[in-house]
Amino acid sequence: QAGNIGGGGFAVFRHSNGEVGSLDFREKAPKAASKDMYLDEQGNVIKGLSIVGHKAYGVPGSVDGMIKLHEKYGSLPFSDLVQPSVNLAYDGVILTEWQAQSFNKYKEIFIEQNGPNAYVIKDTPWIAGDTLYHKALAGTLAQIRDKGRAGFYDGIVADQIVKNAIRGKGLITHEDLKAYQS
């Protein structure tokens, strides 16, 4: 539930020959971030600003990390590995009870952050067994499948990330996206 292309992470691995390695692909602060950006004029923490909203975002590292790991250790074509995710996003996923409850629990935050027309908002509560379609995610994954790193950190997807950051008074720029390195 927490792994996603808008975030980041770490990979720690051990090969059958005993070789070990790791890769840090955690999110990074945008260039415009500052040490006091979550403080008010009196130096007090602005509650929630570092947790919810566009200023809470770091520059995503998951896509760069997946691609770097694949370039070094992958044996199958990258597009073959991404395609099942494109299919799931486009064709929909069946929600579990826990997922349905989570969507219902956070409905107001989803509306606050994304507007009332966000695709995860329904007039009736979500229930286990409902199908959730991630059409925009399918398009993003297809860009990554077809263009690799450039399909996320450049082009239409990068434009959408930056446009969304501007809309929400966030800090991520095209320069931040292009500069990201695991």
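Quick notes on the rules
Residues numbered from 1 in each chain as written. Predicted model: local features only at pLDDT ≥ 70, side-chain atom pairs only at ≥ 80, totals over all residues. Heavy atoms only, no water. Helix = DSSP H or I, 4+ residues; strand = E, 2+ residues; numbered from the N terminus. Buried < 20%, exposed > 50% of the residue type's maximum accessible area, 1.4 Å probe, protein only. Contact = heavy atoms within 4.5 Å. Areas by Shrake-Rupley, 256 points an atom, 1.4 Å probe, with all protein chains shown as cover. Lys, Arg positive; Asp, Glu negative; His and termini not counted. Charge placed at Lys NZ, Arg CZ, Asp CG, Glu CD. 1 Å grid on protein atoms, 1.4 Å probe; cavity = no way out; pocket = protein on both sides within 12 Å on 5 of 7 lines; lining within 4 Å. Points joined across faces, edges and corners; volume = space filled by probe spheres on them. Nonpolar A, V, L, I, M, F, W, Y, C, P; charged D, E, K, R; others polar. Core = buried A, V, L, I, M, F, W, Y, C linked by side-chain atoms within 4.5 Å. Pairing = 2+ DSSP bridges. Phe/Tyr/Trp six-rings, centres within 6.5 Å; stacked < 30°, edge-to-face > 60°. Lys NZ or Arg CZ within 6 Å of the ring centre and 35° of its normal. Patch = residues over 30% accessible without salt bridge, like charges linked within 9 Å, V, L, I, M, F, W, Y side chains within 5 Å. Salt bridge = Lys/Arg side-chain N within 4 Å of Asp/Glu carboxyl O.

Draft legend 1. Main features of the overall build of the protein. Helices and strands together make up the secondary structure of the protein, namely 8 helices and 4 strands. Each helix and strand of the protein, placed in order from N terminus to C terminus, yields the pattern β-β-α-α-β-α-α-β-α-α-α-α. Referenced to the eigenvectors of the C-alpha coordinate spread, the extents of the protein come out at roughly 55 × 45 × 35 Å. Taking all 182 residues of the protein together, 31% fall into the buried category. Put simply, 64% of the contacts in the protein that link residues at least 6 apart link residues at least 24 apart. About 11700 Å² of surface is accessible on the protein, with carbon and sulfur atoms providing 55% of the total. Here the protein holds 20 positive side-chain charges and 20 negative ones, and the gap between their average locations is 2 Å.

Draft legend 2. A look at empty space enclosed by the protein. Under the defined criterion, the tally for this structure stands at 1 cavity of 30 Å³ or more. Quantified by volume, the largest cavity comes out at close to 40 Å³. In terms of lining, the largest cavity is formed by Phe103, Asn104, Lys107, Phe110, Val120, Ile121, Lys122, Thr124, Pro125 and Trp126. At the level of secondary structure, the elements contributing two or more residues to the lining of the largest cavity comprise α3 (97-105) and α4 (107-114). In terms of residue class, the lining of the largest cavity is built from 6 nonpolar, 2 polar and 2 charged.

Draft legend 3. Fine view of the nonpolar core. Among the nonpolar cores identified, the biggest contains 23 residues, and Ile5, Val63, Leu141, Ile144, Phe152, Tyr153 and Leu177 are the most heavily contacted of them. Filtering out sequence-adjacent residues up to four positions away, Leu177 remains in contact with Val59, Pro60, Arg149, Tyr153, Ala158, Ile161, Val162 and Ile172.

Draft legend 4. Region of the structure containing the pairing of strand β1 (residues 10-14). Pairing between β1 and strand β2 (residues 20-24): 5 bridges, direction antiparallel. Bridge assignment links Phe13 to a residue of β2, and that residue is Gly21. Hairpin connection, β1 to β2: the antiparallel pair is bridged by 5 residues, and Gly18 has positive phi, about 95 degrees.

Draft legend 5. Geometry of the packing of aromatic side chains. Scanning all chains against the criterion turns up 5 aromatic pairs. Seen in terms of ring centroids, Phe103 and Trp126 are 5.8 Å apart; in terms of plane orientation they differ by 40 degrees. Their pairing is tilted. Here the residue Phe103 occupies a position in helix α3, and Trp126 occupies one in the loop between α4 and β4 (131-132), the gap between them amounting to 23 residues. Residue Phe103 shares its accessibility class with Trp126, and that shared class is buried. Here the aromatic rings of Tyr153 and Tyr180 are separated by 6.0 Å at their centres, their planes lie at 10 degrees, and the arrangement is stacked. Of the two residues, Tyr153 is situated in helix α6 (residues 150-153) and Tyr180 in the segment after α8 (174-179); the sequence distance between them amounts to 27 residues. For Tyr153, a relative accessible area of 1% translates into the label buried. Judged by its relative accessible area of 2%, Tyr180 falls in the buried class. Through a chain of ring-to-ring contacts, the aromatic side chains of Phe103, Phe110 and Trp126 assemble into a single cluster. In this structure, Arg149 is placed above the aromatic ring of Tyr153, and the distance from its NZ or CZ to the ring centre is 4.3 Å.

Draft legend 6. Highlighting a nonpolar patch on the surface. On the surface, a cluster of nonpolar side chains totalling about 360 Å² of accessible area is made up of Ile51, Val52, Tyr106 and Ile109. Tracing the backbone through its elements, the reader meets Ile109 in helix α4. The partly exposed category is assigned to Ile109, whose relative accessible area is 37%.

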